[in-house]
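One letter stands for each residue in the lines below.
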Number of protein chains: 2
Amino acid sequence: MSLRPGIAFLADCPALLAMEIIASKWSMVTLFALTDGPLRHGELVELSGGISRKVLTQTLRRLQANGLVERHAYAEAPPRVEYSLTDLGRTLEEPIRMLTAWARENGEAVVTFREAAQAARTIEADQATLVKTPHVDENPSRF
Amino acid sequence: MSLRPGIAFLADCPALLAMEIIASKWSMVTLFALTDGPLRHGELVELSGGISRKVLTQTLRRLQANGLVERHAYAEAPPRVEYSLTDLGRTLEEPIRMLTAWARENGEAVVTFREAAQAARTIEADQATLVKTPHVDENPSRF
DNA sequence: CCCGAAGGTTACCTAGAGGTACCTGACGGC
DNA sequence: GCCGTCAGGTACCTCTAGGTAACCTTCGGG
């Protein structure tokens, strides 16, 4: 231990537990969608790029149970339910916004890289089946 | 659709795919650990607060396959392998740092809230069992 | 009286995350 | 030889995230 200072904190529990809650695709998306103001269940489904209603409900309940999101149900004619960030949730706005901005800016690059790597691995595998090359170096994908 | 402008992008695919890769507890922890410089496998295990060696390897391979992390194996006496961020991975430094800082600052608050809510629900449930006996027959009318 | 909308819940299923335990393989020290 | 280190790989297991599909409830409208 005691490598570079300021890293070892990773083992500290509450931070890791908090990470466990927010560090999921749907938590991120949901929290981000709420950074611009309260939204209804149906609106969140539309905005979130494919989340199912069940999973959205689960996600919201989890965020609610951890004090990041509030649920307001209005006793109206067509039942209306709005979700919004709590004060604690609002402290997440900036980090989430930055991460989302990163995903928007670099998502394409990631996908491009992944596909190139995939293609490279495929070719490599083809060569391996043709000639069993000695193949010493990295990428220990067995022969 | 067409609610507040600038939200609907969430449905856009590459961003969502990128989110899927980095938005996991161990990806976050691993990437954060690497923001301060290259680290070896064993160092990452120690720093990451409980990740198993198998899962660390899986996580690193996934990040590597998506162009965020590089693996350098040195052919030395005791095999040495170092992992570092790629240029693309380095663009994640700031977002990850912010999120990690948030987790460190607010992890305690989240855990506190969760435990309070848990206690409240327990009391509520106790009252329900005391007052509401006919909980049994609330099964869905199956026919 | 049935329909549709809104916001759920429930049952059922699969895929993947993640853990433990044990094996490999090259080296160095004894 | 035998043991220990480092970075894995593999087998096997469990648990949950997440998806589909169906049903419920309350309302107003036709």
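Everything quoted here is computed from the prediction, not taken from an experiment.

So, on to the protein's contact with DNA strand C. The local shell around DNA strand C holds 18 residues, among which R53, T57, R71 and Y83 of chain A together with K54 of chain B are the closest. With respect to DNA strand C, the side chain of R40 of chain A contributes an N or O atom lying 3.0 Å from a phosphate oxygen. The separation between a base nitrogen of DNA strand C and a polar side-chain atom of R53 of chain A is 2.5 Å. Looking at the surface near DNA strand C, the element that brings in the most residues is helix α4 (residues 53–65) of chain A, giving 4 residues. In the surface near DNA strand C, the residues fall into 6 nonpolar, 5 polar and 7 charged.

Once that is clear, we can look at the relation of the copies chain A and chain B. Between chain A and chain B, which share one sequence, the superposing operator has a rotation angle of 180° and an axial displacement of 0.0 Å; the RMSD is 0.0 Å. Those values place the two copies in the arrangement expected of a two-fold rotation axis. Comparing interface residues between copies, 95% of those in chain A also sit at the interface in chain B, which points to an isologous, same-surface contact.

Interface extent is often summarised as the accessible area lost during association of the parts. Chain A puts 65 residues into the contact, and the matching count from chain B is 64 residues. Together, the buried faces of chain A and chain B total about 5800 Å²; carbon and sulfur atoms form 73% of this surface. The interface formed by chain A and chain B includes 2 salt bridges. Put simply, K25 of chain B and E20 of chain A hold a salt bridge, and the shortest N to O gap is 3.5 Å. One can count 6 residue pairs in polar contact (both at pLDDT 80 or more) joining chain A with chain B. Only α1 (13–22), α2 (25–34), α3 (41–47), α4 and α6 (93–130) of chain A provide two or more residues apiece to the side of chain A that touches chain B. Per-element tally for the side of chain A that touches chain B: the top contributor is α6 of chain A, with 19 residues. Looking at the side of chain A that touches chain B residue by residue, the classes come out as 40 nonpolar, 12 polar and 13 charged.

Let's shift gears to the environment of L85 of chain A. All names here are of chain A. Turning to its location among the elements, L85 is positioned in strand β3 (residues 80–85). Residue L85 is classed as buried on the basis of its relative accessible area, which comes to 3%. Linking L85 and R71, residues 14 residues apart in sequence, is a C-alpha distance of 8.9 Å. What L85 contacts, discounting residues up to four positions off in sequence, is L31, L34, T35, L68, V69, E70, R90 and E93.

What follows is about the packing of aromatic side chains. Evaluated as defined, the whole model comprises 0 aromatic pairs over all chains. A cation over a ring is seen here: R80 of chain A above Y74 of chain A, with NZ or CZ 4.1 Å from the ring centre.

All names here are of chain A. What the 3 strands build is an open sheet, ordered β1-β3-β2; its pairing is antiparallel. The strands lining the two open edges of the sheet, one partner per strand, are β1 (39–40) and β2 (69–74). When β2 meets β3, the two strands line up antiparallel, connected through 6 bridges. By the bridge assignment for β3, V69 is matched with L85. Across the sheet, α2 lies against β1, β2 and β3, angled at about 95° from β3, the strand it touches most.

With that settled, consider the pattern of salt bridges. Summed over the entire model, instances satisfying the criterion amount to 12 salt bridges over all chains. One salt bridge connects E82 of chain A with R80 of chain A, and the closest N-O pair in it is separated by 3.1 Å. Each of the two residues, E82 of chain A as well as R80 of chain A, counts as buried. As a salt-bridge pair, R97 of chain B and D36 of chain B come within 3.8 Å of each other at their nearest N and O atoms. Placement of R97 of chain B in helix α6 (residues 93–131) and of D36 of chain B in the loop between α2 (25–34) and β1 (39–40) is noted, with a sequence separation of 61 residues between them. Taken together, the salt bridges that share partners define one network made up of D36, E93, E94 and R97 of chain A.

Turning our attention to the packing of α2 of chain B against helix α4 (residues 53–65) of chain B. Residues and elements named next belong to chain B. It is at 10 Å that the axes of α2 and α4 come closest, and there the two elements cross at 75°. Here α4 runs roughly perpendicular to α2, going by the angle between their axes. Facing W26, S27, T30 and L31 of α2, the residues of α4 in contact are V55, L56, T59, L60, R62 and L63. Looking at the contact of α2 with α4 residue by residue, the class counts come to 6 nonpolar, 3 polar and 1 charged.

Conventions adopted
- Residues numbered from 1 in each chain as written.
- Chains lettered and ligands numbered in written order.
- Predicted model: local features only at pLDDT ≥ 70, side-chain atom pairs only at ≥ 80, totals over all residues.
- Heavy atoms only, no water.
- Near = heavy atom within 4 Å.
- Polar contact = N/O pair within 3.5 Å; in protein donor to acceptor, adjacent residues only side chain to side chain.
- Helix = DSSP H or I, 4+ residues; strand = E, 2+ residues; numbered from the N terminus.
- Nonpolar A, V, L, I, M, F, W, Y, C, P; charged D, E, K, R; others polar.
- Least-squares fit on C-alpha atoms with pLDDT ≥ 70 in both.
- Contact = heavy atoms within 4.5 Å.
- Buried area = accessible area lost by both parts, 1.4 Å probe.
- Salt bridge = Lys/Arg side-chain N within 4 Å of Asp/Glu carboxyl O.
- Buried < 20%, exposed > 50% of the residue type's maximum accessible area, 1.4 Å probe, protein only.
- Phe/Tyr/Trp six-rings, centres within 6.5 Å; stacked < 30°, edge-to-face > 60°.
- Lys NZ or Arg CZ within 6 Å of the ring centre and 35° of its normal.
- Pairing = 2+ DSSP bridges.
- Axes fitted to C-alpha atoms, helices over the stretch in contact; angles between N-to-C directions.
- Parallel < 35°, antiparallel > 145°, perpendicular 65-115°, else oblique.

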